[in-house]
Amino acid sequence: MAPPPLLPLASSTPVLHGEFGSYPAHGPRFALTLTLQALHIQRLRPKPEARPRDGLVPLAEVSGCGTLQSRSPSDTAAYFCIYTYPRGRRGGRRRATRTFRADGAATYEENRAEAQRWATALTCLLRGVPLSGDQEITPELLPRRPRLLILVNPFGGRGLAWQRCMDHVVPMISEAGLSFNLIQTERQNHARELVQGLSLSEWEGIVTVSGDGLLFEVLNGLLDRPDWEDAVRMPIGVLPCGSGNALAGAVNHYGGFEPAVGVDLLLNCSLLLCRGGSQPLDLLSVTLASGSRCFSFLSVAWGFLSDVDIHSERFRALGSARFTLGAALGLATLHTYRGRLSYLPATTEPVLPIPGHSLPRAKSELALAPAPAPAATHSPLHRSVSDLPLPLPQPALASPGSPEPLPGLSLNGSGPELTGDWGGAGDAPLSPDPLLRSPPRSPKTAQLSPITEGPPEMPTTSGAPPSSSSAPKVSAWGPADHLLPPLGSPLPPDWVTIEGEFVLMLAILPSHLCADLVAAPHARFDDGVVHLCWVRSGISRAALLRILLAMEHGNHFSLGCPHLGYATARAFRLEPLTSRGVLTVDGELVEYGPMQAQVHPSLAKLLTGPAGQKP
């Protein structure tokens, strides 16, 4: 993974170098070298290794670190522990730790200072804090612990979101020293109502643990506030526990990780979240036929893709496999839809031009009567609120060179003790050294977040009943759509229009349509354009299947399919000319009828972690 920006050292320049023992004390000794990208570990005694196993720990696999102390008064050593998530032989990540003994000085205070120096330097590198070659490394360099609001949809995906959050997310972000509140959403639009009454100054980010739908609620809640210009700058993040996980797939790709799904994708995105850092995020302002407006971070779909998305809801228990089954059923009963797609071309040429398509200019416009929005019912959700510190168990640590698990650390930097037998004769258990942690609040006196009690701060949402429909609410705030004429009125002459029978139309902002489908391979989070893809009628089922399969690697445009079209745009209008169909925004069912949208470049901020090295 590439180093964070603004770091003046070369990636291979040593930041620290030193000799450490191991725990238990009679284990081997190591030489450690910390660079901007990795921790290099070489065994020195009893026998040096020419090719040390696990001798390179990339910082991309490190969630955090800490310092420990022995509970034995006679032990003058201090201990430095790092938490890692390396990839196994089969590609999946598993948690492991490395604990090193700082024992080069005669007194505990000197050894503790050395362990603290290493923990400080590693934490700074993980968080992107610039370090210079001759800079003295002191705890004052440590960045302030960011406070995150984490919203969990317990029924995300196959209903495993809450359990996966507790098993994987909470331990990792606690190791990283992040401060957080967890809230379990109760119902549809609950997240939207929460962020509308949020006190922005108390948080450094909002993270959703679910699919893309929960983040859709959060984003539209922030933009439906009177102070939307400040609210939309709140960094937002996603930890994938849903079915599609499109934005998480794009974040995973941005971080330089191999494509992943399921728990592996969740661990990758959690590692990136622990590193901190954000990127500007383009948003799409979508105006529907009824005049309601919502904001999209992902896509607008019509035809085959939206049909599969909505009709596969009945197979939600299958997780991401629901889309495979839905696509198979969709191919078996392939439909075409007549419509008109108009768009304002981007100022730059399309990255992936598709030859052989003549795009006539718009000559006439047609306004369609909007169809009523279909009602949707959802099961009630249960809510759980927790604040720091959370008395949750942490998975066992792994001692170097020993198959026996080490005792677990409790979470959130509250200074718990390590208990249990480490299996080393004469070695006392260790407890965390609290100097690198800011003092936590006591569980008895911890105050709940303001969003959990009392009326919301924004009077526009106070007392509003929960919505019973999945259709987006009318947004009275947000940026003006200066590129869009009123829906139904003629378009300017510099717009391009295509009309005919379509199998599908997709307007997408990021690269991924779901975790393992790359619809716009060259898309960036802040490229300022929406990527339009469409498939005309006349395509065979076999050719459409080849496009979908090639989309797993993002090379579907290289197939040369004459029915596949592509363009980049700053705004577009879609006018279905068939009476029935399915239209989705970020995977959410919306009212069917004419709609239009405009890109608002870099309007939001997305928590992405540092950029990775692309192959």
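Keep in mind that what you see is a predicted model, and the values were worked out from it rather than measured.

Reading the values: the criteria
- Along each chain, the written sequence defines residue order, and numbers are assigned to residues from 1.
- Local features in this predicted model are restricted to residues whose pLDDT is 70 or higher, and side-chain atom pairs enter the listing and the counts only when it is 80 or higher, whereas totals over whole chains, interfaces and linings include all residues.
- Heavy atoms throughout the structure, all of them, feed into the side-chain values; hydrogens and water do not.
- Strands are runs of DSSP state E lasting at least two residues, helices are runs of H or I lasting at least four, and both sets are numbered from the N terminus onward.
- Exposed residues in this analysis have more than 50% of their type's maximum accessible area, buried residues have under 20%, and partly exposed residues fall in between, with area computed by a 1.4 Å probe over protein chains only.
- Contacts are residue-level and defined by heavy atoms, with any inter-residue pair within 4.5 Å sufficient.
- The method behind every accessible area is Shrake-Rupley, applied with a 1.4 Å probe, and residues are considered shielded solely by the protein chains displayed.
- Every definition here rests on a 1 Å grid over the protein atoms only: cavities are sets of points where a 1.4 Å probe fits but cannot get out, pockets are open sets enclosed by protein on both sides within 12 Å along at least five of seven lines, and lining residues have some atom within 4 Å of a point.
- Grid points are joined across faces, edges and corners, and a volume is the space filled by probe spheres set on the points.
- By the convention adopted, Pro, Cys, Tyr, Trp, Phe, Met, Ile, Leu, Val and Ala count as nonpolar, Lys, Arg, Asp and Glu as charged, and the other residues, Gly among them, as polar.
- A pair of strands is treated as paired once DSSP finds two or more bridges between them.
- Summary of the metric used: pLDDT quantifies the predictor's per-residue confidence within the range 0 to 100.
- Only the stretch in contact is used when fitting a helix axis, every axis being a line fitted to C-alpha atoms; angles between N-to-C directions are given from 0 to 180 degrees.
- Angular relationships are summarised with four words: roughly parallel below 35 degrees, roughly antiparallel beyond 145, roughly perpendicular across 65 to 115, and oblique for the angles in between.
- Each crossing is labelled by how the near helix is turned from the far one, with a counterclockwise turn of less than a right angle marking it left-handed and a clockwise turn marking it right-handed.
- We define a salt bridge as a contact between a side-chain nitrogen of Lys or Arg and a carboxyl oxygen of Asp or Glu at a distance within 4 Å.
- Here the nonpolar core consists of buried residues drawn from Ala, Val, Leu, Ile, Met, Phe, Trp, Tyr and Cys, with membership extended through side-chain atoms lying within 4.5 Å.
- Any Phe, Tyr or Trp ring, taking Trp's six-membered ring, that has another such ring centre within 6.5 Å forms a pair; planes under 30 degrees apart are called stacked, those over 60 apart edge-to-face, and the others tilted.

1. Remarks on the overall build of the protein
- A tally of regular secondary structure across the protein gives ten helices and 27 strands.
- Expressed as a percentage of its 615 residues, the buried residues of the protein come to 56%.
- Restricting the contact set of the protein to residue pairs at least 6 apart, pairs at least 24 apart contribute 74%.
- Carbon and sulfur atoms provide 54% of the accessible area of the protein, an area that totals close to 25,600 Å².

2. Topic: empty space enclosed by the protein
- A full pass over the atoms with the stated rule returns two cavities of 30 Å³ or more.
- Space inside the largest cavity adds up to approximately 90 Å³.
- Looking at the largest cavity, the residues that line it are Leu305, Leu504, Leu506, Cys533, Val535, Leu544, Ile547, Leu548, Met551, His556 and Leu564.
- At the level of elements, strand S20 (496-508), strand S23 (530-536) and helix H10 (541-550) are the ones that each hand at least two residues to the lining of the largest cavity.
- No other element matches the three residues that H10 contributes to the lining of the largest cavity.
- Counted by class, the lining of the largest cavity contains ten nonpolar, one polar and no charged residues.

3. A look at the pairing of strand S6 (residues 78-84)
- Counting buried residues in S6 gives seven out of seven residues, a clear majority hidden from the surface.
- Both faces of S6 are covered, namely the face carrying Ala78, Phe80, Ile82 and Thr84 and the face carrying Tyr79, Cys81 and Tyr83.
- Looking at chain direction, strand S5 (residues 62-70) and S6 are connected through seven bridges and run antiparallel. Bridge pairing links Val62 to Thr84 in S6.

4. So, the confidence of the model for the protein
- On average, residues of the protein score 77 in pLDDT, and 73% of them reach the 70 mark or higher.
- Long-range and interchain partners of residues 350-426, a stretch whose pLDDT sits below 50, account for 190 contacts in this model, where long-range means more than four residues apart.
- With pLDDT under 50 throughout, residues 437-472 is counted as low confidence; its partners more than four residues away or in other chains account for 71 contacts.

5. Some points on unusual backbone geometry
- For Asn189, which is not glycine, the phi dihedral falls at a positive 65°.
- Residue placement: Asn189 occurs in the loop between strand S9 (179-184) and helix H3 (190-196).

6. A closer look at the packing of helix H2 (residues 161-175) against helix H7 (residues 262-275)
- Contact pair H2 / H7: the axes reach a minimum separation of 9 Å and the direction vectors enclose 25°. It follows from the interaxial angle that H2 and H7 lie roughly parallel. In the crossing of H2 with H7, the sense of the turn from one axis to the other is right-handed. Counting all contacts with H2, which are made through Arg164, His168, Val169, Met172 and Ile173, the residues of H7 involved are Gly262, Val263, Leu266, Leu267, Ser270, Leu271, Leu273 and Cys274.
- Of the residues in the contact of H2 with H7, the class split is nine nonpolar, three polar and one charged.

7. Examining the pattern of salt bridges
- The final tally for this structure, using the stated rule, is 15 salt bridges.
- For Asp227, the salt bridge goes to Arg225, with nearest N and O atoms at 2.8 Å.
- Its relative accessible area of 24% is what places Asp227 among the partly exposed residues.
- A cluster of three or more residues bridged by salt bridges with shared partners is formed by Glu19, Arg29, Asp75, Arg101 and Asp103.

8. Things to note about the packing of helix H6 (residues 246-254) against H7
- In the contact formed by H6 and H7, the axes pass within 10 Å of each other and the chain directions differ by 60°. As the angle between them shows, H6 and H7 are arranged oblique. The handedness of the crossing between H6 and H7 comes out as left-handed. Along the contact surface, H6 presents Ala248, Gly249, Val251 and Asn252, while H7 presents Leu265, Asn268, Cys269 and Leu272.
- Partitioned by chemical class, the residues of the contact of H6 with H7 number five nonpolar, three polar and no charged.

9. Observations concerning the nonpolar core
- Counting residues in hydrophobic clusters, the biggest one holds 98 residues, and the most contacted among them are Leu151 and Phe572.
- At eight residues, H7 tops the list of elements feeding residues into this core.
- The next biggest cluster of nonpolar side chains, apart from the first, holds 30 residues, and it includes Phe20, Phe100, Ala102 and Ala119.

10. Focus: the side chain of His512
- Note on placement: His512 falls in strand S21 (residues 512-514).
- With a relative accessible area of 6%, His512 lands in the buried category.
- Not counting residues up to four positions away in its chain, the partners in contact with His512 are Ala246, Gly249, Ala250, His253, Leu298, Leu517, Val518 and Ala519.

11. Concerning the packing of aromatic side chains
- A complete count under the given rule lists eleven aromatic pairs for this structure.
- For the ring pair Phe20 and Phe100, a centre distance of 6.4 Å and an interplane angle of 65° mean the geometry is edge-to-face. Here Phe20 is found in strand S1 (residues 16-22), whereas its partner Phe100 is found in strand S7 (residues 96-102), with 80 residues between them in sequence. The burial state of Phe20 is the same as that of Phe100; both residues are buried.
- Measuring from ring centre to ring centre gives 6.2 Å for Phe80 and Trp118, while their planes differ by 50°; the resulting arrangement is tilted. One end of the pair, Phe80, is in strand S6; the other, Trp118, is in helix H1 (residues 108-126), with 38 residues separating them in the sequence.

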